[in-house]
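Structure assessment
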Amino acid sequence: PKTALLLGAAWILPNFILTGSDYFEMTVLEMGFNIRKHLRVNLFRKYLNYTEEARQEVPIQDLKTSIMTDIPDVVTNGYLILFKSASIIGKIACVAWFMLKEDPQSAIPMAVYPTLMIIWLSCRYKERMVLLSKQGEGESDTQGWLI
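Throughout this document, residue positions are counted from 1 along each chain, in the order its sequence is written. Totals for whole chains, interfaces and linings use all residues, but because this is a predicted model, local features are given only for residues with pLDDT of at least 70 and pairs of side-chain atoms are given and counted only at 80 or more. Neither water nor hydrogens contribute to the side-chain values; these are computed over all heavy atoms in the structure.

Moving on: the overall build of the protein chain. For the purposes of this entry, the term helix denotes a DSSP run of H or I that reaches at least four residues, the term strand denotes a run of E that reaches at least two, and both are numbered from the N terminus. Secondary structure summary: the protein chain contains six helices and zero strands in total. Starting at the N terminus, the α and β elements of the protein chain follow one another as α-α-α-α-α-α. Overall, the C-alpha framework of the protein chain stretches about 75 × 50 × 25 Å when taken along its three principal axes. Relative accessibility under 20% of the residue-type maximum defines a buried residue, over 50% an exposed one, and the middle range a partly exposed one, all with a 1.4 Å probe and only protein chains included. Scored against the burial criterion, the 147 residues of the protein chain give a buried share of 10%. Across the protein chain, contacts joining residues at least 24 apart in sequence account for 61% of those joining residues at least 6 apart. In what follows, a contact means two residues having at least one pair of non-hydrogen atoms within 4.5 Å.

Below, the structure is given as structure tokens:
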């Protein structure tokens, strides 16, 4: 009986610990909501402080797009991605260290592949920015028709 209780506790207790840590992460450590709220409020305040002439130059759909789409993108893909990137870089460093320790010749592909990826991405960067700009203009025009 005692063994069954200990086994059951060992099976269930880690789930409570994991659930508690997930709750803590989602409530106390969650920064995205507060950052998005801060940026949205301050962008809207800045818009309200525009002169009447300046407000005429800025379409309301651009403000709406910035508040609803651009700010969450900046927060998620700009700031919060730093934490995920740090985690991924740590994992890659651990794997690289293990690979180099086991087989020093693995340093060659570990240097060549990232170099090729950087070259490829840098060649495609300008075209990607042009396409993203066209996409943003198209979305702004579409929202202008709706509003």
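What makes a salt bridge here is a side-chain nitrogen of Lys or Arg within 4 Å of a carboxyl oxygen of Asp or Glu, nothing more. Per the counting criterion, the structure on display carries two salt bridges. Note that Glu52 and Arg55 form a salt bridge whose closest N and O atoms lie 3.7 Å from each other. Of this pair, Glu52 and Arg55 both sit in helix 3 (residues 52-57), separated by three residues, roughly a single helical turn. You can call Glu52 partly exposed: its relative accessible area is 47%. Between Arg124 and Glu127 there is a salt bridge whose closest N-O contact spans 3.2 Å. In this pair, Arg124 and Glu127 are both assigned in helix 6 (residues 107-146), three residues apart and thus about one turn of the helix distant.

By the element assignment, Ser106 lies in the loop between helix 5 (81-102) and helix 6. Of the polar contacts made by the side chain of Ser106, one reaches the backbone oxygen of Asp103; its length is 2.7 Å. Here a polar contact is taken to be a pair of N or O atoms separated by no more than 3.5 Å, where protein atoms must pair a possible hydrogen donor with a possible acceptor and residues adjacent in sequence count only if both atoms sit in side chains.

The N-to-C vectors of helix 4 (residues 60-79) and helix 5 enclose an angle of 20 degrees; their axes lie 5 Å apart at closest approach. Relative to helix 5, the element helix 4 lies roughly parallel. Only Ile81, Leu82 and Phe83 of helix 5 make contact with helix 4, whose side of the interface consists of Thr76, Asn77, Gly78 and Tyr79. Per-class residue counts for the contact of helix 4 with helix 5 are four nonpolar, three polar and no charged. Axes here mean lines fitted to C-alpha atoms, for a helix over just the part in contact, with angles spanning 0 to 180 degrees between N-to-C directions. Under this scheme an angle from 65 to 115 degrees is roughly perpendicular, one under 35 degrees roughly parallel, and one over 145 degrees roughly antiparallel; angles in between are oblique. Three classes are used: nonpolar for Ala, Val, Leu, Ile, Met, Phe, Trp, Tyr, Cys and Pro, charged for Asp, Glu, Lys and Arg, and polar for all others, with Gly counted as polar.

What follows concerns the packing of aromatic side chains. Think of it this way: a Phe, Tyr or Trp ring, Trp meaning its six-membered ring, pairs with another when their centres are within 6.5 Å, and the plane angle makes it stacked under 30 degrees, edge-to-face over 60, tilted otherwise. Counted by the stated rule, this structure contains two aromatic pairs. Ring geometry for Tyr79 versus Phe83: centroids 5.8 Å apart, planes at 90 degrees, classification edge-to-face. Judged by its relative accessible area of 37%, Tyr79 falls in the partly exposed class. Among the residues examined, Phe83 registers a relative accessible area of 47% and is labelled partly exposed. Any Lys NZ or Arg CZ that is within 6 Å of a ring centre and within 35 degrees of that ring's normal is treated as a charge sitting over the ring. In this structure, Arg55 is placed above the aromatic ring of Tyr47, and the distance from its NZ or CZ to the ring centre is 5.8 Å.

It is at 10 Å that the axes of helix 2 (residues 32-48) and helix 4 come closest, and there the two elements cross at 150 degrees. Considering their axes alone, helix 2 and helix 4 lie roughly antiparallel with respect to each other. Considering the relative orientation of helix 2 and helix 4, their crossing is right-handed. The residues of helix 4 that touch helix 2, namely those facing Gly32, Ile35, Arg36, Leu39, Arg40, Leu43, Phe44 and Tyr47, are Ile60, Leu63, Ser66, Ile67, Met68, Ile71, Pro72, Val75, Thr76 and Tyr79. Here is the rule for handedness: rotate from the far helix to the near one, and if that takes an anticlockwise turn smaller than a right angle the crossing is left-handed, while a clockwise turn gives right-handed.

The quantities given are spatial measurements derived from coordinates; they are silent on function.
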